[in-house]
Each structure stands twice: as C-alpha cells, then as structure tokens.
Amino acid sequence: MVINMASNSTEAELQHVIDRIKECGFTPHVTRGSERAIVAAVGSGGNRSALEALKAAPGVEDVVPIAHPFKLVSRQTRSGRTRVQVGEVCIGGDEAVVIAGPCSVESREQLFSTARGIKAAGATMLRGGAYKPRTSPYDFQGLGVEALRLLREVREETGLPIVTEVMSTEDIDVISEHADMLQVGARNMQNFALLRQLAKVDKPILLKRGPSASVKEWLLAAEYLLAGGNPNVVLCERGIKTFETEMRNTLDLAAVALARELSHLPVIVDPSHGTGRRDLIQPASRAALAIGADGLIIEVHPCPERALSDGAQSLNLEEFAKVMASLSAPLRSVAAAFAAQA
Ligand code: PEP
Ligand code: MN
C-alpha cells in the first residue's frame with residue numbers, strides 16, 4: 001500500500017502514519033518529494049484492512065494499493081525520479097552519463113591509456129573488470145585485487161569514479177574499499193544471497209538485467225536491494241537471449257522505456273554486451289539515448305585485437321571518440337526531457 005500524505009500535512013501526522021504502519025505489521029519507507037511525502041507500507045502478513053483505514057487519519061490524502069509485485073522500485077512509491085550520485089557523477093540527472101573502459105583490467109599500461117583516452121573523449125566514469133564471470137573456466141578470470149589497486153590508482157590520477165563487478169559475497173568488502181560503484185553482472189541478477197548482502201553496502205549498485213530475465217524479474221531483483229536498505233540502484237539493459245545468431249544478444253531497447261515507465265530508478269544501456277559487435281555500438285548508443293536511457297556503458301580497449309576478453313565488441317580509443325562525438329547534447333538530454341514531461 002502507498003499512503004500519500006496531503007501537501008499541507010504536518011510532521012506529527014506523518015509520524016502517526018509511520019507508527020500505525022508498524023502496528024499493522026508492515027515496514028514503512030518514506031520518500032519526501034518537493035511537495036509531499038509518500039509512505040510505502042511493505043511486507044506480508046500484516047493487517048491490510050487496518051492499513052486501508054488510515055484513509056481517515058489526519059494529513060492523509062489517500063491510501064492506494066501498489067499495482068505491481070515490486071513495491072519500493074515502483075514509480076507509485078516515489079514522486080520524481082531517483083538520481084544516483086557516484087562521486088561527482090550524477091546518474092539519472094540532466095545529462096546522460098557515459099561510462100567506458102575495458103571489459104577486464106589487464107595491465108597498468110592498458111588501464112591507464114584507456115582511462116586517459118576515454119576521459120579526453122568526454123566519458124565521466126571508468127569501468128573495468130577485476131573478477132570476471134567467464135563462460136569457460138580456461139578463459140582469463142581477471143586480476144582480482146591487483147586490478148582493484150590499479151583501478152584505485154587510475155581514479156587518483158584521472159578523477160574518474162570506478163565501477164567494477166562483484167561476483168561473490170566474499171569479495172564485497174575488498175571491492176567496496178576500492179570501487180565507487182559495484183556492478184551485479186547479468187549472470188548474477190538473481191543471486192539473491194549476493195543481492196541481500198549488497199543491500200547493506202553503502203555504495204551504489206549497477207544492476208544488469210539477466211540474459212533471460214523478464215522486466216518484472218529484473219525490477220524484483222532491484223527490489224531486494226531497496227527493501228534491504230540500499231536505495232542507490234541503477235538498472236542496466238545489456239541484451240537478452242533470443243533466436244538471433246548474428247549478434248551476441250538482442251538489445252531490448254523497449255525494455256528501457258518500460259523500466260523507466262514502471263520504476264523511478266535510472267536505466268542505462270550496455271550496447272557492447274547488448275550487440276557483441278563494435279560496428280553496432282554507435283547506432284545502438286544513439287538509439288538507447290533516443291528512447292530515454294540515462295546513460296551508456298561501453299567497452300573500450302587500446303588494442304581490441306589483443307584484448308583478453310570481449311575484444312570483438314570493444315572499441316579502440318579513436319572509435320570511442322567518434323561515438324562520443326555522435327552523441328549530441330539534445331540526444332543526451334532526452335531522458336531528462338521525458339522526466340520533465342511525466
Ligand atoms: C561485463 O560488464 O564485462 C560483463 C561481464 O557484463 P554482463 O554481466 O552484462 O555479461
Ligand atoms: Mn565484457
């Protein structure tokens with residue numbers, strides 16, 4: 001249930017509603033908009049009819065059921081859109097954000113030249129895998145802690161905030177010490193033990209959509225993070241499995257528009273994994289921004305043919321600069337324009 005407070009309600013009236021929600025056996029989650037507060041009452045097993053009776057409480061405008069199985073993630077439980085701050089970078093704000101960097105951190109030289117190049121081209125955040133989810137156990141698995149140290153060093157030089165993947169609960173502490181944002185990879189989207197632990201971490205989370213996950217399942221995975229106490233979640237569409245064979249995945253851009261319609265969370269797009277082909281990164285990036293994505297995450301390598309992972313979908317620095325140049329200011333503000341109209 002959502003309890004919408006009246007715009008002229010008092011703090012005491014809000015507190016009464018919060019207390020009653022607890023007495024009825026639910027957990028209250030308050031969001032304060034510029035005009036009024038909204039209180040979501042979530043949980044199972046509580047007394048719903050007692051909650052509905054809150055309609056008669058002073059300062060309450062209305063009490064409405066939440067239409068979807070995801071609650072805190074739903075647009076109904078918040079006024080306005082969530083902005084996720086990662087260092088100096090705001091995801092979900094006035095301008096689409098571009099995150100770029102290698103699939104895997106391979107060496108100091110590779111990481112530093114990529115970071116300098118993407119920064120010069122206008123990217124504002126750096127990606128780089130330290131712990132890699134590889135289909136084959138014989139493939140390069142990432143440099144682990146050594147990669148984390150390099151990422152931290154490169155942030156010191158460039159000022160670019162870092163996002164890197166966490167695959168296992170046991171790596172959360174060390175990754176949180178080094179990175180600014182933690183990525184849940186597509187394969188782990190429904191690793192509920194991992195999500196529960198990440199809900200307790202004081203770092204923003206980039207939650208990739210599973211290759212076979214519906215939009216509802218993706219939003220319910222995000223619900224684990226919000227319900228467990230972490231409101232700083234960015235969704236990432238990275239392509240799903242279909243019958244198509246010419247591309248690694250099928251980039252589901254309509255899901256971006258749908259996720260933004262259903263949820264207040266920012267949604268970014270990964271055209272690299274979404275297509276698996278460097279020739280499609282530019283058109284896919286432009287289409288993603290045009291449909292309202294809040295940003296992009298793009299794989300870049302100084303020499304893609306030598307990359308230890310995902311070379312075929314990685315851009316070199318020159319190609320990346322061209323893609324950046326093709327993302328005009330109006331294109332980069334589509335998401336904000338849609339948000340202003342909503
Ligand atoms: C990655 O970002 O390098 C990655 C492995 O992505 P995904 O989880 O989307 O496959
Ligand atoms: Mn990759």
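For the structure itself, look to the data block above.
Note that this is a predicted model, so its numbers are computed, not measured. (Residues numbered from 1 in each chain as written. Chains lettered and ligands numbered in written order. Predicted model: local features only at pLDDT ≥ 70, side-chain atom pairs only at ≥ 80, totals over all residues. Heavy atoms only, no water.)

Structural notes on the pattern of salt bridges
Spelled out, the test is: Throughout this description, the term salt bridge denotes a Lys or Arg side-chain nitrogen within 4 Å of a carboxyl oxygen of Asp or Glu. Helix numbers and strand numbers start at the N terminus; a helix is a DSSP run of H or I with at least 4 residues, a strand a run of E with at least 2. Burial classes: relative accessible area under 20% of the type maximum marks a residue as buried, over 50% as exposed, and values in between as partly exposed (1.4 Å probe, protein chains only).
The full count for this structure, using the stated rule, is 16 salt bridges. Taking the shortest distance from any N to any O, the salt bridge between R209 and E237 comes out at 2.9 Å. Taken together, the residues R209 in the loop between strand 11 (205–208) and helix 7 (215–227) and E237 in strand 12 (residues 233–237) connect sequence positions 28 residues apart. Side by side, R209 and E237 carry an identical accessibility label, which is buried. One salt bridge in this structure joins D279 and R277, with 2.8 Å as the shortest N-O distance. Take D279: its relative accessible area is 47%, and that puts it in the partly exposed class. What makes R277 partly exposed here is its relative accessible area of 29%. Each of the salt bridges in this network shares a partner with another, and the network as a whole consists of R209, E237 and D252.

Comments concerning the coordination of the manganese ion (ligand 2)
As a reminder of what qualifies: Metal donors were taken as nitrogen, oxygen and sulfur atoms no farther than 2.8 Å from the ion, or 3.2 Å where the ion is Na, K or Ca. Water is excluded, so coordination may look unfinished.
Every protein donor of the manganese ion (ligand 2) is accounted for by C103 (SG), H273 (NE2), E299 (OE) and D310 (OD), and the metal-donor separations fall at 2.0 to 2.3 Å. Each donor residue of the manganese ion (ligand 2) lies on the same chain, and together they follow the pattern C-x169-H-x25-E-x10-D. Here H273 lies in helix 9 (residues 271–275) and C103 lies in the loop between strand 7 (97–101) and helix 3 (108–120), a separation of 170 residues in the sequence.

Brief notes about the environment of E223
Note the cut-off: It only takes one pair of heavy atoms within 4.5 Å for two residues to be counted as in contact.
Examined against the element boundaries, E223 turns out to sit in helix 7. Residues E223 and S74 lie 149 residues apart in sequence; the distance between their C-alpha atoms is 8.9 Å. Each residue touching E223, except ones within four places of it in the same chain, is listed here: F70, K71, L72, V73 and G228.

A look at the site of ligand 1
In plain terms, the rule: We call a residue near a molecule or strand whenever a single non-hydrogen atom of that residue lies within 4 Å of it. Polar contact is the term for a pair of N or O atoms within 3.5 Å; when the atoms are in protein, one must be able to donate a hydrogen and the other to accept it, and sequence-neighboring residues count only if both atoms are side-chain atoms. Under the convention used here, a 1.4 Å probe and the Shrake-Rupley method define accessible areas, while residue burial counts only the protein chains that appear. Residue type decides the class: Asp, Glu, Lys and Arg count as charged, Ala, Val, Leu, Ile, Met, Phe, Trp, Tyr, Cys and Pro as nonpolar, and the leftover types, Gly among them, as polar.
Surveying the vicinity of ligand 1 reveals 13 residues, the closest of which are R127, K132, A186, K208 and R238. In the environment of ligand 1, an oxygen atom lies 2.9 Å from a nitrogen or oxygen atom belonging to the side chain of K208. E299 places a side-chain nitrogen or oxygen 3.3 Å from an oxygen atom of ligand 1. Alone, ligand 1 offers 290 Å² of accessible surface; in the complex the protein occludes 97% of this. In terms of residue class, the shell around ligand 1 is made up of three nonpolar, three polar and seven charged.

Digging into the sheet that holds strand 2 (residues 27–32)
The criterion, for reference: Strands were regarded as paired on the criterion that DSSP finds at least two bridges between them. Note on geometry: axes are lines fitted to C-alpha atoms, helical ones only across the stretch in contact, with angles between N-to-C directions running from 0 to 180 degrees.
Taken in spatial order, the four strands line up as 2-3-1-4 in an open sheet, and their pairing is antiparallel. At either end of the open sheet lies a strand with only one pairing partner, and these are strand 2 and strand 4 (60–64). This sheet shows a mean twist of 20 degrees between the axes of neighbouring strands, independent of strand direction. Bridging between strand 1 (residues 2–5) and strand 4 involves four bridges; their strand directions are antiparallel. Considered in strand 4, the bridge of M5 is made with V60. Together, strand 1, strand 2, strand 3 (37–42) and strand 4 form the strand contacts of helix 1 (residues 11–23), whose direction differs from that of strand 2 by roughly 155 degrees.

Observations regarding the pairing of strand 7
For strand 7, the tally of buried residues reaches five of five residues, placing the bulk of the element in the interior. Two elements, strand 7 and strand 8 (residues 125–127), share two bridges in a ladder whose sense is parallel. Bridge pairing in strand 8 places A100 opposite L126.

A few points about helix 11 (residues 317–325)
Note the cut-off: The directions from the helix axis to the C-beta atoms are what the arc is built from.
Burial in helix 11 covers these residues: F320, V323 and M324. Down the axis of helix 11, the buried side of the element spans an arc of 100 degrees, and every buried residue falls inside it. More than 90 degrees from the buried face of helix 11, the exposed residues found are E318, K322 and A325. Of the surrounding elements, those touching the buried residues of helix 11 are strand 7, helix 3, helix 10 (281–290), strand 14 (295–299) and helix 12 (329–332). Between the side-chain oxygen at the start of helix 11 and the backbone nitrogen of E318 there is a gap of 3.1 Å, and the oxygen is on N316.

Focus on the nonpolar core
Short version of the rule: To form a nonpolar core, buried Ala, Val, Leu, Ile, Met, Phe, Trp, Tyr and Cys residues must be joined to one another through side-chain atoms within 4.5 Å.
Counting residues in hydrophobic clusters, the biggest one holds 70 residues, and the most contacted among them are L126, L198, L207, L235, I298 and F320. At seven residues, the largest contribution of residues to this core is made by helix 7. The contact partners of L198, leaving out residues within four places of it in the chain, are V166, I172, L182, V184, I205, L225 and N230. Residues I18, A37, A41 and L54 belong to the second largest nonpolar core, which totals 18 residues.

A short note on the pairing of strand 3
Extensive coverage of strand 3 is indicated by the burial of six of its six residues. A two-sided burial pattern is seen for strand 3, the buried positions comprising A37, V39 and A41 on one face and I38, A40 and V42 on the other. With three bridges joining them, strand 1 and strand 3 adopt antiparallel strand pairing. Bridge assignment links V2 to a residue of strand 3, and that residue is A40. The pairing of strand 2 with strand 3 spans six bridges and is classified as antiparallel. If you follow T31 over to strand 3, its bridge partner there is I38. Linking strand 2 to strand 3, which pair antiparallel, is a turn of four residues.

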